[in-house]
Amino acid sequence: MTEVLLKTRVGKELALEVLSSAMEREIRVLKAKLTGFEEEMHKFELKHKLNSKEFYKKFESGELADDEDYFTWWAAIHAHESIKTRIETLQELLGQCEQ
């Protein structure tokens, strides 16, 4: 567990309100991006008749050719996972600001 100490000239309540507002806004932006990557992944799944999880396993193990389409799909999966992690982290931090 990581502990973060923040110092500010304003009061605690205002600082928490500002942080909460910024995190809520970032979560909304990230959720929109997440939806975009989900749509992109779904298009690849339909095109290649393979779900993203199975594709990822096959691509990582070298079972699939080095097709540009596959690299784009792989990148969309990585971006999707990265964004999910960021959203989860922000939601955890936001929960602590609201306590």
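The preceding data block contains the structure.
Quick caveat, the model's predicted, so the values are computed rather than measured. (Residues numbered from 1 in each chain as written. Predicted model: local features only at pLDDT ≥ 70, side-chain atom pairs only at ≥ 80, totals over all residues. Heavy atoms only, no water.)

(A) Examining the overall build of the protein more closely. Of regular secondary structure, the protein possesses three helices and zero strands. Each helix and strand of the protein, ordered N terminal to C terminal, gives the series α-α-α. Taking 13 Å as the expected radius of gyration for a compact globule of 99 residues, we find that the protein reaches 19 Å, considerably beyond that expectation. Over its C-alpha atoms, taken along the principal directions, the protein stretches across nearly 55 × 25 × 20 Å. Among the 99 residues that make up the protein, the fraction classed as buried is 23%. Put simply, 62% of the contacts in the protein that link residues at least 6 apart link residues at least 24 apart. With an accessible surface of roughly 7,700 Å², the protein has 53% of that area assigned to carbon and sulfur atoms. (Helix = DSSP H or I, 4+ residues; strand = E, 2+ residues; numbered from the N terminus. Rg over C-alpha atoms; globule rule 2.2 N^0.38 Å. Buried < 20%, exposed > 50% of the residue type's maximum accessible area, 1.4 Å probe, protein only. Contact = heavy atoms within 4.5 Å. Areas by Shrake-Rupley, 256 points an atom, 1.4 Å probe, with all protein chains shown as cover.)

(B) Expanded view of a nonpolar patch on the surface. A surface patch of nonpolar side chains, about 300 Å² in accessible area, is lined by Val 4, Leu 6 and Leu 19. Along the chain, Leu 19 falls in helix α1 (residues 12-48). (Patch = residues over 30% accessible without salt bridge, like charges linked within 9 Å, V, L, I, M, F, W, Y side chains within 5 Å. Salt bridge = Lys/Arg side-chain N within 4 Å of Asp/Glu carboxyl O.)

(C) Spatial organisation of the packing of aromatic side chains. Summed over the entire model, instances satisfying the criterion amount to six aromatic pairs. Their ring planes at 40° and their centres at 5.6 Å tell us that Phe 55 and Tyr 70 sit as a pair that is tilted. Linking Phe 55 in helix α2 (residues 52-60) with Tyr 70 in helix α3 (residues 68-97), this pair joins segments that are 15 residues apart in sequence. The buried category is assigned to Phe 55, whose relative accessible area is 0%. Summarising the aromatic geometry, the rings of Phe 59 and Phe 71 are spaced 5.2 Å apart at their centres and angled 90° between planes, so their arrangement reads as edge-to-face. With Phe 59 in helix α2 and Phe 71 in helix α3, the pair connects residues that are 12 residues apart, well separated along the chain. Relative accessible area serves as the criterion here: at 40%, Phe 71 is assigned to the partly exposed category. (Phe/Tyr/Trp six-rings, centres within 6.5 Å; stacked < 30°, edge-to-face > 60°.)

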